[in-house]
Amino acid sequence: MWLVVLFIVVVVNSNVEVMGIGPGVVTVPIMEAKCPLVSTFYENRPAPEPLFYSRWVHIPKTGTSFGTALIHYACEFLSEDIYPHRTERNSGDMKDVMDKFYKPPFCTGVFQFHFAGHAPLRYSEREKGGVVTMLRDPRRRHYSGWQVHGRKGTPTHPEDLHDYVLMYKGCQMKMLLGEKCEFSLDEAAPDVWHPTSKQAERAVKLLGNRKIVAFVGLTDEWEASICLFHAMYGGFITHHEMLNTRPKAKIFDDGGWQQIHYMEDPYDWMVYMEAKRIFIHRLETYGIKVPASLHM
C-alpha cells in the first residue's frame, strides 16, 4: 500500500489567487512515494499541515542529503533534476543551490527556509519554532566523522577512535543547545566542553516540544524519515530525496562503529534514544510502518 496525501490550503492576498504545487499559496500538493503503510492507522491519520518556516539544524554526519528535501519543499517550481551535490551538473553544495535557486520563479516565498550550515541552534531561533533536524546513533556518527572529517593525528582529529569520541562526545546535544560541535582544521586544540546529564535532559525536553522542534528524523532510517516529513507537512517526495546525493561523503558501514560502546557518549545516546522514541510514535501516528530495525 502506497502513501498518497492530498491537502488543500487556500490563501488569498490582495484578492489575487496564485496556484502552486508546494506548501505555499493556494497549494494542492499530492505526495506519492513508496512509503509502507499500516492501513488501520493510516485511515485515521492526522492531515498534513503546511510548514511556513523552517530552520534546519544540520548536525555533522547526519545527512547532507536532507537539504534536497528541504529545498524542493521550499521551491515548488524547482526542477526535480536540480539538487545539492549533483556532480554531473556541478550544482554545488547546499549554499550554492540556495544562492542560485532560492528565489522566484522557483519559489513562491510562502515557505521561509533558513540554512546556516553546521551552525548550532541559537536561543533566539528557538522562539521562531520550525526547527527540523536529523539525528543519528552516536556510535555511527562518531565513526563516520572519525573516518571522514579532518586529518587523523592532528590536534582536532585524534588518531585513536576512542580519543576522538571523547573529544566530540555530546555533539548532537551541543548543536541543539547552541554550542559548537566540531572544529576546523586550522584551529588549535579545542578546549573540551564537558557535557553533563542536566544538559542532555534539556536537549531531550527540547526535542519533545513540537512548537520548537517541528521535525526530527533518523539518519539510519532515511526513507522512513522522508516519508514521515511529508506525511506531517505535505509536499511532493522527489526521486532524489530517497537517495544519498553526496556520494563522496561515504557512509562507513563496515561494522567499525561497533568498537564504540554507547556509554562512551551517554549524552548523545540519551538524546538519540528520545529522538528514536518520538520518531516511532510519529510513524505510528501517521500510519507509516515502523522499520523492523527500530524494534531491535
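Located above this text is the structure these notes cover.
This is a predicted model, so every value here is computed, not measured.

Let's talk about unusual backbone geometry
Then comes step 1: A cis geometry characterises the amide bond from proline 104 onward to proline 105, with omega recorded as 5 degrees.
Then comes step 2: Inspection of the secondary structure assignment puts proline 105 in the loop between α3 (94-101) and β4 (112-115).
Then comes step 3: In this structure, lysine 61 takes a positive phi of about 65 degrees despite not being glycine.
Then comes step 4: Looking at the secondary structure, you find lysine 61 in the loop between β3 (53-57) and α2 (66-74).

Focus on the layout of surface pockets
Then comes step 1: If you add up the space inside the second largest pocket, you get close to 250 Å³.
Then comes step 2: For the second largest pocket, the lining is made up of 14 residues, of which Asp137, Arg140, Tyr272, Lys276 and Ser293 are closest to its centre.
Then comes step 3: Counting only elements with at least two residues in the lining of the second largest pocket, the list comes to α5 (138-148) and α10 (266-285).
Then comes step 4: Class assignment of the residues belonging to the lining of the second largest pocket gives a composition of seven nonpolar, one polar and six charged.

Considerations on the environment of tyrosine 272
Then comes step 1: Here tyrosine 272 is to be found in helix α10.
Then comes step 2: When its relative accessible area of 9% is taken as the criterion, tyrosine 272 is described as buried.
Then comes step 3: If we ignore the near neighbours within four places in the chain, the residues touching tyrosine 272 are Arg136, Asp137, Pro138 and Leu218.

Thoughts on the packing of helix α8 (residues 197-207) against α10
Then comes step 1: Following both chains from N to C, one finds α8 and α10 inclined at 20 degrees, their axes separated by 9 Å at the closest point. As far as their axial angle goes, α10 and α8 are roughly parallel. Considering the relative orientation of α8 and α10, their crossing is right-handed. Across the interface between the two elements, Ser197, Ala200, Glu201, Ala203, Val204 and Leu207 of α8 pack against Tyr267, Met270, Val271, Glu274, Ala275 and Ile278 of α10.
Then comes step 2: Here the residues of the contact of α8 with α10 sort into nine nonpolar, one polar and two charged.

Here's the deal with the nonpolar core
Then comes step 1: By size, the foremost hydrophobic cluster in this structure holds 68 residues, and its most contacted members are Phe66, Leu207 and Phe229.
Then comes step 2: If you look at the next biggest cluster of nonpolar residues, it comprises nine residues, including Tyr143, Trp146, Val165 and Ile260.

Considerations on the pattern of salt bridges
Then comes step 1: Inspection of every chain in the model, using the stated rule, returns six salt bridges.
Then comes step 2: Here glutamate 125 ties to arginine 122 by a salt bridge, and the two come within 3.4 Å at their closest N and O atoms.
Then comes step 3: Its salt-bridge partner being arginine 139, residue aspartate 137 comes within 2.7 Å of it at the nearest N-O pair. For the pair aspartate 137 and arginine 139, one class covers both residues: buried.

A word on the pairing of strand β5 (residues 131-135)
Then comes step 1: Of all five residues in β5, five are buried, a share of seventy percent or more.
Then comes step 2: On β5, burial covers both faces: Val131, Thr133 and Leu135 on one face and Val132 and Met134 on the other are all buried.
Then comes step 3: Two strands pair when backbone bridges link them, and β3 and β5 are joined in this way by three bridges, in the parallel orientation. Following the sheet pairing, arginine 55 is matched in β5 by valine 131.
Then comes step 4: Two strands pair when backbone bridges link them, and β5 and strand β6 (residues 213-218) are joined in this way by five bridges, in the parallel orientation. Each residue of the ladder has a partner; that of threonine 133, found in β6, is valine 216.

Quick notes on the state of the cysteines
Then comes step 1: Per the counting criterion, the structure on display carries three disulfides.
Then comes step 2: The disulfide that involves cysteine 35 links it to cysteine 227, with 2.0 Å between the sulfurs. As the torsion about the S-S bond is roughly -90 degrees, the cysteine 35-cysteine 227 disulfide counts as left-handed. A residue pair is termed long-range when its members are at least 10 positions apart, and cysteine 35 in the loop between β2 (30-33) and α1 (39-42) and cysteine 227 in helix α9 (residues 222-233) qualify at 192 residues. Each member of the pair, cysteine 35 as well as cysteine 227, is classed as buried.
Then comes step 3: Linked covalently through their sulfurs, cysteine 171 and cysteine 181 form a disulfide whose S-S length is 1.7 Å. Looking down the S-S bond of the cysteine 171 and cysteine 181 bridge, the torsion is -100 degrees, so its handedness is left-handed. Within this pair, whereas cysteine 171 is found in helix α7 (residues 171-176), its partner cysteine 181 is found in the loop between α7 and α8, the two being separated by 10 residues in sequence.
Then comes step 4: Overall, cysteine 181 belongs to the buried group, its relative accessible area being 3%.
Then comes step 5: When the bonded cysteines of the protein chain are numbered from the N-terminus onward, they pair as 1-6, 2-3, 4-5.

The rules behind each value
- Residues numbered from 1 in each chain as written.
- Predicted model: local features only at pLDDT ≥ 70, side-chain atom pairs only at ≥ 80, totals over all residues.
- Heavy atoms only, no water.
- Helix = DSSP H or I, 4+ residues; strand = E, 2+ residues; numbered from the N terminus.
- 1 Å grid on protein atoms, 1.4 Å probe; cavity = no way out; pocket = protein on both sides within 12 Å on 5 of 7 lines; lining within 4 Å.
- Points joined across faces, edges and corners; volume = space filled by probe spheres on them.
- Nonpolar A, V, L, I, M, F, W, Y, C, P; charged D, E, K, R; others polar.
- Buried < 20%, exposed > 50% of the residue type's maximum accessible area, 1.4 Å probe, protein only.
- Contact = heavy atoms within 4.5 Å.
- Axes fitted to C-alpha atoms, helices over the stretch in contact; angles between N-to-C directions.
- Parallel < 35°, antiparallel > 145°, perpendicular 65-115°, else oblique.
- Left-handed = near helix turned anticlockwise from the far one by under 90°.
- Core = buried A, V, L, I, M, F, W, Y, C linked by side-chain atoms within 4.5 Å.
- Salt bridge = Lys/Arg side-chain N within 4 Å of Asp/Glu carboxyl O.
- Pairing = 2+ DSSP bridges.
- Disulfide = S-S within 2.5 Å.

The analysis is restricted to geometry; functional conclusions fall outside its scope.
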